[in-house]
Structure formats: C-alpha cells, structure tokens
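# Overview (structure and organization)
These are the residues of each chain, in order.
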Amino acid sequence: MQPASVLSDGTIRRLVEEGHIRIEPWDPEMVQPASVDLKLGPSFRVFHNHRIQVIDLADPPTGLTEHVEIGGDDVFVIHPGEFVLGRTEELVELPDDVVARIEGKSSLGRLGLIVHATAGFVDPGFKGTLTLEITNFNSVPIVLRPGLPIAQLSLMTLDRPAERPYGHPELGSHYHGQVEATESRYEGGPARTSAGDGGVG
C-alpha cells in the first residue's frame, strides 16, 4: 500500500498528457509547482434573499438562485458582503485513485475575494466543472471577468483506488457531470445525510 501524496508539477503534466487525469481546456502554462491554476467560467448563480425569511436545513428550500450567463466582454460585479456561485472554465475528470482540493489564490484573497466557503474537496471519479462559492469580503465592489485565474487545484493520490468513486450508483452523487454553476442539492432532516455530495462538485 502506497502512502497518499500530493502530485508535483511534472507528475500533473504527465498524467494529464497520458489521459489519466482530464482538465479541459488544458494549458500546461497554468501548472504551478504542486497545483494547477483554474480560470473563472461565464456561469453564475445569484441568490434571491427576498424570497424566504430563513433557510431551515431540515427542509431546505429550492429555487433560491437565478442563473446568469456572462458573454462577450461583459463583466460580473460582486458587491461587498455578497455571496454568489460561479464555476471554473475547466472541466475536470478524476480517476478512482486521485482526489483534489480547490483553493483560492492568495493574491485574490488579499483583496477580500474568497472562492470557496467549505466545499474544497473533489472526490475520486468526479467529472464536471467545479462550482465556486464566491464571497466579497472587501468594502468595495469587485469586477469579475470570465477567464480570470481564480483558483488552484491540488491533486493527491489515494493509497488505493476508491471502491465506490463519485458517480457510483449507490452514492446518489448530486453534481456528477455538471457544466453550470449549480445550486445546493442538500437533503436535510435529522436522520438524513447528503451522500455523494462531492464538495465543489
């Protein structure tokens, strides 16, 4: 049994070029020493807070967000204290022996822009774009443009392939194959869990 380890730049490039890991579109120049930079996609989900008084996790509401697609030279402005969902430009597909974590870029974090609240984990077997939980903690609006390097993805090998990777029929994986920013599909209740959540998936 091999110990889990974070993949280095050379290993990332090799596994992508061999097709073991899929990142599309693929740009080798986006590879960092132990991660891959990911760009912001054009798809966002904006919350309509006026529709509800409270979110009860025992009975989660649906239809709280509106899908917004940015095209051409358009920009998306996120205001102070605002929380929106975005997605990566890249589609990521992981094999059953690799997991990943998505993290914000420190240069953006120092401007008050956070790209994930809690869901930074990507399960083995996941396929799709990665949903970003974007918050502006600054006191002024921040302009977002599709194609902006927004996050970095670190990849780690498992000690052995997962027996039930993400997308397995028994898991009920909620976000497998997603291509747009996807709102929460949390299934609450005191005796229920959200199996197959998939983190940023």
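Everything in this summary refers to the structure shown in the same document. (Residues numbered from 1 in each chain as written. Predicted model: local features only at pLDDT ≥ 70, side-chain atom pairs only at ≥ 80, totals over all residues. Heavy atoms only, no water.)

## Comments concerning the pattern of salt bridges
For the coordinates displayed, the defined rule picks out 5 salt bridges. Here R22 ties to E93 by a salt bridge, and the two come within 3.0 Å at their closest N and O atoms. Remark: E93 occurs in strand β8 (residues 83–93) and R22 occurs in strand β2 (residues 22–24); sequence separation between them is 71 residues. By relative accessible area, which is 27% here, R22 ends up partly exposed. Across the pair E103 and R101 runs a salt bridge whose closest N-O atoms are separated by 3.7 Å. Among the residues examined, E103 registers a relative accessible area of 34% and is labelled partly exposed. Salt bridges linked by common partners bring R22, E24 and E93 together as one network. (Salt bridge = Lys/Arg side-chain N within 4 Å of Asp/Glu carboxyl O. Helix = DSSP H or I, 4+ residues; strand = E, 2+ residues; numbered from the N terminus. Buried < 20%, exposed > 50% of the residue type's maximum accessible area, 1.4 Å probe, protein only.)

## So, the nonpolar core
I21, I134, L144, L153 and L155 are the most contacted members of the largest nonpolar core, which has 37 residues in total. Counting residues per element, this core draws most heavily on strand β14 (residues 149–157), which supplies 4 residues. What I21 contacts, discounting residues up to four positions off in sequence, is L7, L15, V16, E93, L94, P95, V98 and L155. (Core = buried A, V, L, I, M, F, W, Y, C linked by side-chain atoms within 4.5 Å. Contact = heavy atoms within 4.5 Å.)

## Remarks on unusual backbone geometry
The step from E24 to P25 runs through a cis peptide bond, and the omega angle for that step is -5°. Take P25: it is sitting in the loop between β2 and β3 (31–32).

## A short note on a nonpolar patch on the surface
On the surface, a nonpolar cluster with roughly 190 Å² of combined accessible area is contributed by V75, V77 and V143. Looking at the element boundaries, V77 is found in strand β7 (residues 76–78). Residue classification places V77 among the partly exposed positions, given a relative accessible area of 33%. (Patch = residues over 30% accessible without salt bridge, like charges linked within 9 Å, V, L, I, M, F, W, Y side chains within 5 Å. Areas by Shrake-Rupley, 256 points an atom, 1.4 Å probe, with all protein chains shown as cover.)

## What to know about the pairing of β14
As defined by bridge partners, strand β1 (residues 5–6) adjoins β14 across 2 bridges and the pair is classed as antiparallel. Considered in β14, the bridge of V6 is made with M156. Sheet analysis places strand β4 (residues 35–39) next to β14, joined by 4 bridges and oriented antiparallel. Its bridge partner being in β14, L38 is matched across the sheet by A151. With 7 bridges connecting them, strand β9 (residues 98–104) and β14 associate as antiparallel partners. Across the sheet, I102 pairs through a bridge with L153, a residue of β14. (Pairing = 2+ DSSP bridges.)

## Topic: the packing of aromatic side chains
What the rule picks out here adds up to 2 aromatic pairs. Measuring from ring centre to ring centre gives 4.1 Å for F44 and F76, while their planes differ by 10°; the resulting arrangement is stacked. Remark: F76 occurs in strand β7 and F44 occurs in strand β5 (residues 43–47); sequence separation between them is 32 residues. On the basis of relative accessibility, which here comes to 7%, the residue F76 falls in the buried class. (Phe/Tyr/Trp six-rings, centres within 6.5 Å; stacked < 30°, edge-to-face > 60°.)

## Observations concerning the pairing of β5
Summarising burial for β5: 4 of the 5 residues are buried, a large majority. Pairing geometry for β5 and strand β6 (residues 65–69), over 5 bridges, is antiparallel. If you follow F44 over to β6, its bridge partner there is V68. As defined by bridge partners, β5 adjoins β8 across 2 bridges and the pair is classed as antiparallel. Opposite R45, over in β8, you have L85 as the bridge partner.

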